[in-house]
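Residues per chain are reported as follows:
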Amino acid sequence: MNSGRNVAVLGGNRIPFARSNGVYSNASNQDMLSAALDGLVDRYSLQGERLGEVVAGAVLKHSRDFNLTRETVLGSRLAPETPAYDIGQACGTGLQAAIAVANKIALGQVDSGVAGGADTTSDAPIAVNDELREVLLELNRTKSNVDRLKLVAKLRPGQIVPEIPRNEEPRTGKSMGGHTAVTAKEWGIAREDQDELAAASHRNLAGAYDRGFYDDLMTPYLGLERDQNLRADSTVEKLAKLKPVFGGEGGTMTAGNSTPLSDGASTVLLGTDEWAAEHGLDVLAHFRDAETAAVDYVHGGEGLLLAPAYAVPRLLDRQGLTLQDFDLYEIHEAFAAQVLATLKAWEDPVFCKERLGRDEPLGSIERSKLNVNGGSLAAAHPFAATGGRIVASLAKALHERGGGRGLISICAAGGQGVVAILEKEGN
Amino acid sequence: MADLYTQIVNAPVANTLATTVGLPVPTPLERHSPGDPVLDGRALVGAAPGGRLGGPTVTVLAGAGVPAATESTEELRRAAADAGLDAALWNADAPSGDKFKALVFDASGITTTEKLAELHRFFHAAIRTVGRCGRVVVLGTPPADTSSPGEHTAQRALEGFTRSLGKEMRGGGTVQLVYVEQGAEGQLDSTLRFLLSPKSAYVSGQVVRIGQAGEPPTIDWDQPLEGKVALVTGASRGIGAAIAEVLARDGAHVVGLDIPALGDDLRTVTSELGGSALEVDVTDPDAPRTIADHLAAEHGGVDVVVHNAGVTRDKTIAGMDEGRWRQVIDINLSSQERIDNQLLAAETLNDGARIVTVSSMSGIAGNNGQTNYATSKAGVIGMVDSMAPVFATAGATINAVAPGFIETQMTAAMPVPVREAGRRMSSLSQGGLPVDVAEAIAWFASPASTGLNGNTVRVCGQNLLGA
């Protein structure tokens, strides 16, 4: 991307995130993504505009949503000639969508685009189990009614039990929280530190709402105007009362310092500086570079959610930057323990030497620069929608401060990590 | 081999019974076999902030191939990274639940009595992670080597902690305090390896002092005495034979010495070890010259001298004739002085020579009927104190081991109540073996033990007597 054209982040729009089985229970991924996209179109007057492309995804997806993003575009006020496609990289989907759009802009293949993502854990796809599926598919292939009857007669009650998507890694059978509890223990992440991070997340998100930071980043949806998970009055003391849910006896991870299941959608508008000028839009920040890493959490002994710890140093090296060369940090708070373990890994001479092959640790960051407008612990984390939330709010925050550099780090299922740098030229 | 009582109470039914009625259940102690790792498990390294010994500790562990976890201090993590030790992290506020075979705590950062709370912080969380035959080593600064009265007081306080923790250990665990002088941080290797390994099975509650010395030589840790000549007095049986065996295992050519009357036994021991026998009565006025001449002529000098020969002639002082007194003092103490002086005068000691002498728990605690013996053995401690600076100028060291209840022919002949009391009145609730004394001597004898001079270390399972 260094050699390509500048990629500008021009704005974003999302709907408030709702808790699972809450106000968005009956909204589909397409409903929510449409709401977010329509809000974006309205805000930036993109009605009838043919954009270069729209890229989005959803982690929990119905089979009918095979063309979710294109269907969303067709239902939106964008020109129907705007192409679209779906992508998926678990919790990294939203940021990876932005990278995909940014890369095409940088290469000169498109001048503008929207990246986004939606996820619902309420309107989740429920599948028939494999045995029933086989019978049903066979039924479909069978021609004679007698044969069909024979097939139906084979059905057993056990085959009717549906398959509900589970929040677990297929190769380990362990939930993401279970994996992170191992990481928390390995890195000695104390309960108090996790609760402090969670409290700060709520404090920062509430503060951002109060000063109107999200006014031009959000469209109210189904009566919700703020993220439903936000507890503005959350404190370390209150969080300390919660029982651990992961890590067994002596566990440190609670419902308070882990992200809840949630529903929501987000979008980000990207374009060239010229396209922005033609449309009378401010450049909030430039999308400088991105990196994706993966770790072997199955056999390699690395933590499931520690891939960003590998991705960031690679990105820094490519850009000739240090970890301290940033004014803002947006580290996705899947779990407070994940964030703290990542920060500790970068501070640890042993990890940096043995795993990253560096003579010096990356060092620590100023915590006052971390997730200054709230993180996933407060806003919640509809998987594919998190990337868009972070890119848009970081770009705006850089624009507000009149310049600076921001680092985005998002961990994802399957031992993956997506990271990116946004920059706002200025003072 | 565990004694009969230990074997019985470790059998399933008897174990339940013994536990129920509150009898001690001694854990069969793990002991070293050639080829064994230094530590059969992981070590956890903790530190009070501002310490200077955590880094050197981590370096030693890395060199000894001991897998480790450390607390998250800059010093420890830097040292681990520099040493290429892929050490896990451990946090007392959020312990991982992992088990450890050994804990090493750098207490040198405890410069005030308030900071003694660091001991509680670490061990309160860490002690439960220690498994069977576990090892605890606390590192500090010699009180006299501190820079303020408060630091002196705090460092002296460590001794009460380690001695008490030794008594709280279960399952054959041991606890030691190692005082390391300023500037002697590079001398930790041989001592940490010994105290962490099963070689120190019967050493607990001890205080070891490591002083400044020249750079320790690079050695083969499996054969530290390769090419060295070691004189062992009283080598024909018991502890002496065990010493000869262990020094030979470590690569030394052993010159076994004993009285002519025990010549057959002596030759049996030395021939099996590929050593040589020297039949001399150490009380003979010519003995020092005979020994020095033999070592010079046959071996070109000597590297290790172990003064093990000793006798008991027990009587209460009122009933003791002068002969019993004189004989014990002469064999156990005066003859050692004469031999050492001759070896010094004749320059028979090779560079980096090691004198190791055998004191006794009786010399520390005193014992009914052993005024002569205890005097001689306390004198051995005095000799170590007085001669350490003398040997230092000759580039040599002198240290002593003080055995407690060691299972030998002598103790086997004791009346049952006395023997049982001797065995159980220690933190490890059992007697030691001759090899335990021999391993401690081999530790002092190692060429790497440059920083050890003037120490008397008990091999007594932290016996209650004199502690």
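The rules behind the values
Residues numbered from 1 in each chain as written. Chains lettered and ligands numbered in written order. Predicted model: local features only at pLDDT ≥ 70, side-chain atom pairs only at ≥ 80, totals over all residues. Helix = DSSP H or I, 4+ residues; strand = E, 2+ residues; numbered from the N terminus. Rg over C-alpha atoms; globule rule 2.2 N^0.38 Å. Buried ≥ 20, exposed ≤ 12 C-beta atoms within 10 Å, placed from the backbone. Contact = placed C-beta atoms within 7 Å. Domains from an automatic or database assignment. Nonpolar A, V, L, I, M, F, W, Y, C, P; charged D, E, K, R; others polar. Axes fitted to C-alpha atoms, helices over the stretch in contact; angles between N-to-C directions. Parallel < 35°, antiparallel > 145°, perpendicular 65-115°, else oblique.

Side note on the overall build of chain A
Then, number 1: Helix and strand content of chain A: 14 helices and 14 strands.
Then, number 2: Relative to the 2.2 N^0.38 estimate, which gives 22 Å for 427 residues, the radius of gyration of chain A is 22 Å and therefore close to what a compact globule would have.
Then, number 3: Overall size of chain A, expressed as C-alpha extent along the three principal axes, is 80 × 55 × 40 Å.
Then, number 4: The proportion of buried residues among the 427 residues of chain A is 56%.
Then, number 5: Partitioning the contacts of chain A with sequence separation of at least 6, the portion at a separation of at least 24 is 81%.

Side note on the overall build of chain B
Then, number 1: When its secondary structure is counted, chain B shows 16 helices and 14 strands.
Then, number 2: By the compact-globule yardstick of 23 Å for 467 residues, chain B fits well, its C-alpha radius of gyration being 22 Å.
Then, number 3: Dimensions of chain B, computed from C-alpha atoms along their principal axes, come out at roughly 65 × 55 × 45 Å.
Then, number 4: Per-residue burial over chain B gives 54% buried out of 467 residues.
Then, number 5: Sequence separation of 24 or more characterises 74% of the internal contacts of chain B that already satisfy a separation of 6 or more.

Some thoughts on the domain arrangement of chain B
Residue and element names in this part refer to chain B.
Then, number 1: When cut into domains, chain B gives domain 1 (1–30), domain 2 (31–209) and domain 3 (229–459).
Then, number 2: Each of domain 2 and domain 3 was reduced to a C-alpha centroid, and the two centroids are 30 Å apart.
Then, number 3: Contact with domain 2, which involves 23 residues of that partner, is made by 19 residues of domain 3.
Then, number 4: Mapped by element, the contributors of at least two residues to the side of domain 2 that touches domain 3 are α6 (149–168), α7 (189–196) and β7 (206–210).
Then, number 5: For the side of domain 2 that touches domain 3, the leading source of residues is α7, giving four residues.
Then, number 6: Its residues placed into classes, the side of domain 2 that touches domain 3 shows eight nonpolar, ten polar and five charged.

Some thoughts on the packing of helix α3 (residues 93–107) of chain A against helix α14 (residues 386–400) of chain A
Residue and element names in this part refer to chain A.
Then, number 1: Here α3 crosses α14 at 60°, and the two axes come no closer than 5 Å. One way to sum up the angle between α3 and α14 is to call them oblique. Two secondary-structure elements touch here, α3 through T93, G94, L95, A97 and A98 and α14 through T386, G387, G388 and V391.
Then, number 2: Residues belonging to the contact of α3 with α14 are distributed by class as follows: four nonpolar, five polar and no charged.

Some remarks on the interface of chain A and chain B
Then, number 1: Chain A puts 14 residues into the contact, and the matching count from chain B is 15 residues.
Then, number 2: Contributing elements (two or more residues each) for the side of chain A that touches chain B: α6 (176–186) and α12 (349–354) of chain A.
Then, number 3: By residue number, the principal contributor to the side of chain A that touches chain B is α12(A), which donates four residues.
Then, number 4: Here the residues of the side of chain A that touches chain B sort into five nonpolar, three polar and six charged.

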